[in-house]
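Residues per chain, in single letters:
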Amino acid sequence: MQPDIVVIGGGTVGSAIAYGLARRRQKVLLLDGDDGDFRAARANFGLVWLQGKGVGMPAYQALTRQSISLWGSFRDEIERETGTRLHYEQNGGLSFCLGEEAFEKRSMDLLRLHNQRGEGEPDWEMLDRQALQRLLPKVELGPDVAGASFGRRDGHANPLRLLSALHAGILRHGGRIRHRAHVEHIEPVGSDFRLFLGRETLVAPRIVIAAGLGSPELARQIGLEVPLRPARGQVLVTERLAPFLPLPASGLRQTGEGTVMIGATKDYIGFDTSTTAEAAARLSHKTVRLVPSLAHVRLVRHWAGLRIMTPDSYPIYSQSESHPGAFVTLCHSAVTLAALHVETLAEAIAAGSLPESLSPFHERRFDVPQAA
Amino acid sequence: MKDASMFHKLHDPGLSAVTVYIDGQAVAAEAGESVAAVLLRQPAGWSRTTPISESPRAPYCMMGVCFECLVEIDGKGSVQGCLTPVREGMSIIRHMGVRRLSA
Amino acid sequence: MNGGHSDVLIVGAGPAGMAAAVSAAGLGLSVRVIDDQVAPGGQIWRGIEAVAASPRLARLGDAYGEGVSRAAAFRVCGALYEPQSQLWQIEPGFRAFVTRDGEARVFTATAVILATGAQERPVPFPGWTLPGVLTAGAAQILLKTADQVPEKPVWIAGCGPLPLLYMTQLLAAGGSIAGFLDTTPRGRMGAALRHLPGGLRRLGDLVKGLSWSRALQRQGFPIIRQVTELRAEGEGRLQRLSYRTANGRGDSVPAEVLLVHEGIVPNIHAPLALGCDIRWHEGQHCYVPVLDEWGEASQANVFIVGDGAGIGGMEACEPRGRLAALRLAARMQKLGEAAADAAARKERAALSRALALRPLLDTLYAPRPQVFAPADETLVCRCEEVTAGELRSRAVQGQPGPNQIKAFTRAGMGPCQGRQCGYTVAHILAAAQNRSVEDVGFYRIRPPLKPVTLGELASLDEQETAA
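Residues numbered from 1 in each chain as written. Chains lettered and ligands numbered in written order. Predicted model: local features only at pLDDT ≥ 70, side-chain atom pairs only at ≥ 80, totals over all residues. Heavy atoms only, no water.

Under an unreviewed UniProt entry, the name given to chain C is D-nopaline dehydrogenase, and the organism recorded is Agaricicola taiwanensis.

If you want it as structure tokens, here you go:
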């Protein structure tokens with residue numbers, strides 16, 4: 001099969017685009033990296049989240065809203081096609097506040113964000129301790145919990161099942177996936193692209209670079225500068241428990257399997273995915289302050305992943321001007337944005353150009369002074 | 001046949017005898033032997049059911065690497081029974097399926 | 001809480017850990033030894049101090065009895081000994097996080113000696129998760145620590161010295177055997193004998209092994225050779241055992257306890273967590289850490305001794321432990337380089353003698369191929385209940401590696417951290433993708449090495465906040 005389009009990067013972003021393209025009858029080849037590569041897709045926390053997002057970047061909040069509005073139908077379709085349940089739930093989400101001061105600050109922050117949007121009914125509210133307790137009848141809250149903000153549109157999904165379903169969906173629609181396919185170099189040849197994978201070369205009329213932290217080097221070869229740096233996030237997961245937490249919180253969620261995920265930290269220490277006992281201790285301490293009975297529960301795994309972080313933390317969606325068959329797509333929050341990537345983004349890439357709604361996310365925003 | 005013990009002890013503990021409680025039932029044991037060894041002498045045969053399919057399991061490796069002997073011991077859940085010596089009066093609860101969060 | 005600093009932290013109080021401790025303390029290093037168990041001895045001398053005072057010592061054999069003097073020497077060597085201490089994280093530098101009596105502690109050390117030994121190779125087959133199926137090593141531990149034997153005549157399946165030794169010990173204790181399903185494939189003795197010239201240095205051990213075999217054959221229980229397939233069945237526990245042999249014969253017999261064993265493999269979780277390089281050992285069908293002639297791993301000041309360094313048996317443990325101690329004593333200026341070298345020559349000679357029989361044993365008792373290719377219905381991951389069939393169907397979708405398979409199937413995500421499924425998953429992927437097992441690789445090992453409660457973890461943060 002000679003591919004119409006090659007997607008470089010088999011993480012959640014690349015796989016969602018490849019799946020969206022395959023569904024649009026494009027002949028897609030997805031090139032995935034090696035088993036030991038940095039893989040944000042396998043370290044993801046799994047929130048499908050709106051609350052608190054888009055400070056200073058209204059377009060990002062709009063993008064997030066759009067993706068969340070598409071998530072339900074995306075889920076229905078891919079579950080039907082692949083038989084993989086994504087454990088997606090949209091029952092709203094919480095951000096716990098420890099202490100009255102934190103409660104007040106959270107309230108002000110969300111109000112400011114709402115004013116920035118300047119339209120529509122608020123889709124969040126502040127819950128005091130009593131209201132929060134009514135929402136979580138099986139949870140005995142710690143004494144320091146003042147309340148929480150509640151976002152109506154928030155939810156969560158299993159990020160590993162999402163990735164697995166996307167891969168299965170690609171294959172189902174006739175796409176191909178290759179693991180351990182490391183693209184070392186891209187050479188534009190006329191309007192096509194030649195990809196060098198070790199001794200092997202591939203030629204494709206169109207390419208999408210979604211290689212996470214490996215993208216800047218490849219993007220440069222098609223005339224795009226994408227500034228990225230890794231932001232380490234550490235996450236904990238416990239043994240399985242009977243369901244007790246009916247909706248996710250920003251740092252605490254119970255998965256469909258029953259495990260409890262706790263996270264995440266954020267620091268900038270370069271390309272290092274080691275874990276630290278300090279982080280595990282700090283995350284655990286915060287968790288038992290929220291829900292003291294979790295103190296008796298056992299941690300089964302602690303990992304670190306590297307977020308794909310741009311200078312302003314918002315995504316990059318760019319089409320190369322010098323080589324218009326090439327696109328670059330980079331972001332964290334790939335689970336929240338998955339539905340948008342499958343629908344809007346894949347459709348635009350299939351049609352050959354990105355829509356106006358994505359223009360705020362072009363990488364050239366980093367070229368100009370930010371004063372304007 | 002289902003109610004016969006799988007293992008038995010060759011000697012009488014004598015002065016080292018202790019009593020432990022498995023799911024509330026008093027059971028004879030010898031000070032210093034492991035919880036897993038005591039569980040393997042019980043007629044039930046199994047010592048937990050899994051959180052996924054609730055299938056019965058019993059101690060398998062006795063050296064801390066299979067985690068099949070996880071039990072609740074004196075209120076602490078998911079403890080490796082093969083690494084825990086019995087003590088007089090110890091309470092051992094078999095995990096039935098998935099653990100519940102209790103205060 | 002901060003548990004204190006030592007020159008050397010030794011993990012494991014088996015033969016290698018005790019020898020390293022006695023030697024390092026004797027050379028003037030400050031030594032702390034942490035161990036899972038309630039008393040020193042490791043698996044080979046498990047329960048040795050308690051048994052030493054009882055008439056049971058004699059029937060467990062001479063090799064076991066040697067542990068009495070070793071444990072006694074260890075007790076008085078001056079090393080700080082922390083029994084019943086579960087190591088759940090170790091960080092470079094070194095900081096070891098340990099739980100003892102439900103309390104988290106942190107120990108720091110300049111160097112680490114991992115003497116974490118071996119585990120029995122997982123032997124997956126349909127029904128291996130049923131109560132009543134145990135490893136032969138587990139049964140031997142029950143005999144040593146609880147004077148406990150199977151109620152009824154027991155079935156034993158597998159190959160290697162351990163089943164023979166256990167059967168000998170069991171009969172001496174008055175237990176009885178229903179039958180031995182010998183899984184050693186045909187032609188192994190011939191292949192193994194090629195290694196005989198090297199093995200002659202350990203003729204005594206060979207003779208001992210053969211004498212066990214002959215004594216067992218005289219007992220009159222059935223010995224079925226070249227068994228290739230096993231199946232355990234029963235409602236809630238083992239009730240029936242089926243087997244087939246290489247020439248297609250088979251039977252189905254009532255059984256209550258089945259003990260299996262297909263050799264042992266080094267515990268590599270702690271070395272992997274510390275970032276030590278490992279390599280595939282073709283002869284032993286497992287990974288072993290990459291070590292220099294002193295036992296130092298690719299990470300400086302991490303030493304790996306005992307069977308964790310590669311399966312060498314009891315006699316190899318002590319010289320390996322002492323070599324690490326000598327190197328560290330020289331590095332920490334407690335011993336001159338020349339003196340360390342001279343002492344090391346003696347230890348290396350002992351190690352070489354101890355390992356002389358190894359190629360022969362490795363060849364003779366190499367695991368049968370079926371161990372790595374269980375039937376589709378077999379639960380490969382006991383914790384997360386993932387079958388061989390599911391792994392096989394995933395393995396051909398784009399050639400994923402073990403960590404991608406783990407993410408997609410949850411195999412290896414349970415509390416055992418892949419200790420029971422890692423090798424099987426690697427072999428299934430290798431077979432499905434026509435790659436070598438070494439090329440496929442292994443799970444990435446993350447903390448905790450043993451599940452630890454959030455409360456224990458939180459207590460470490462509270463202490464720091466308070467300080």
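**Section: the pattern of salt bridges**
Once the charged atoms of two side chains with opposite charge are near each other, the side chains can pair. Rule in force here: We count a salt bridge whenever a side-chain nitrogen from Lys or Arg sits within 4 Å of a carboxyl oxygen from Asp or Glu. Think of it this way: any DSSP run of H or I at least four residues long counts as a helix, any run of E at least two long counts as a strand, and we number them from the N terminus.
As enumerated under the stated definition, the model contains 51 salt bridges over all chains in all. Glu77(A) is paired through a salt bridge with Arg23(A); the nearest N and O atoms lie 2.9 Å apart. Taken together, the residues Glu77(A) in helix α2 (residues 58–82) and Arg23(A) in helix α1 (residues 12–23) connect sequence positions 54 residues apart. Between Glu262(C) and Arg368(C) there is a salt bridge, with the nearest N and O atoms lying 2.8 Å from each other. Here Glu262(C) is found in strand β16 (residues 258–262), whereas its partner Arg368(C) is found in the loop between α14 (358–364) and β21 (379–381), with 106 residues between them in sequence. Several salt bridges converge on common partners, so that one network encompasses Arg23(A), Arg24(A), Glu77(A), Glu343(A) and Glu347(A).

**Observations concerning the side chain of Gln404(C)**
The following threshold applies: The rule is simple: take the accessible area with a 1.4 Å probe, protein chains only, and divide by the maximum for that residue type; under 20% is buried, over 50% is exposed, in between is partly exposed. N or O atoms within 3.5 Å of each other form a polar contact, as long as, within protein, one can give a hydrogen and the other can take it, and as long as residues adjacent in sequence are counted only when both atoms are side-chain atoms.
Summarising the element assignment, Gln404(C) is placed in helix α16 (residues 402–409). Relative accessible area serves as the criterion here: at 1%, Gln404(C) is assigned to the buried category. Side chain to side chain, Gln404(C) and Arg42(A) meet in a polar contact 2.6 Å long.

**Some remarks on the UniProt feature "domain: FAD/NAD(P)-binding" (unreviewed entry) in chain C**
Test applied: UniProt positions are given in the numbering used here, feature names are shortened, and annotations may be inferred rather than shown by experiment.
According to UniProt, the feature "domain: FAD/NAD(P)-binding" (unreviewed entry) maps to residues 7–128 of chain C in the numbering used here. Secondary structure over residues 7–128 of chain C splits into 28% helix and 32% strand, and the C-alpha atoms at its two ends are 44 Å apart.

**Some words on the interface of chain A and chain B**
Quick reminder of the rule: Two residues form a contact once any of their heavy atoms are found within 4.5 Å. In short, buried area is how much 1.4 Å probe accessible area vanishes from two parts on joining, totalled over both. Gly falls in the polar group here, along with every residue not listed as nonpolar (Ala, Val, Leu, Ile, Met, Phe, Trp, Tyr, Cys, Pro) or charged (Asp, Glu, Lys, Arg).
Chain A puts 12 residues into the contact, and the matching count from chain B is 12 residues. Summed over both partners, the interface of chain A with chain B comes to about 1100 Å²; 58% of that surface belongs to carbon and sulfur atoms. When the buried surface of chain A facing chain B is broken down by residue, Arg240(A), Ala242(A) and Arg298(A) rank first, second and third, together holding 46% of it. The shortest N-O distance in the salt bridge between Glu239(A) and Arg99(B) comes to 2.6 Å. Taken together, chain A and chain B are joined by 6 residue pairs in polar contact (both at pLDDT 80 or more). Considered class by class, the residues forming the side of chain A that touches chain B number 6 nonpolar, 2 polar and 4 charged.

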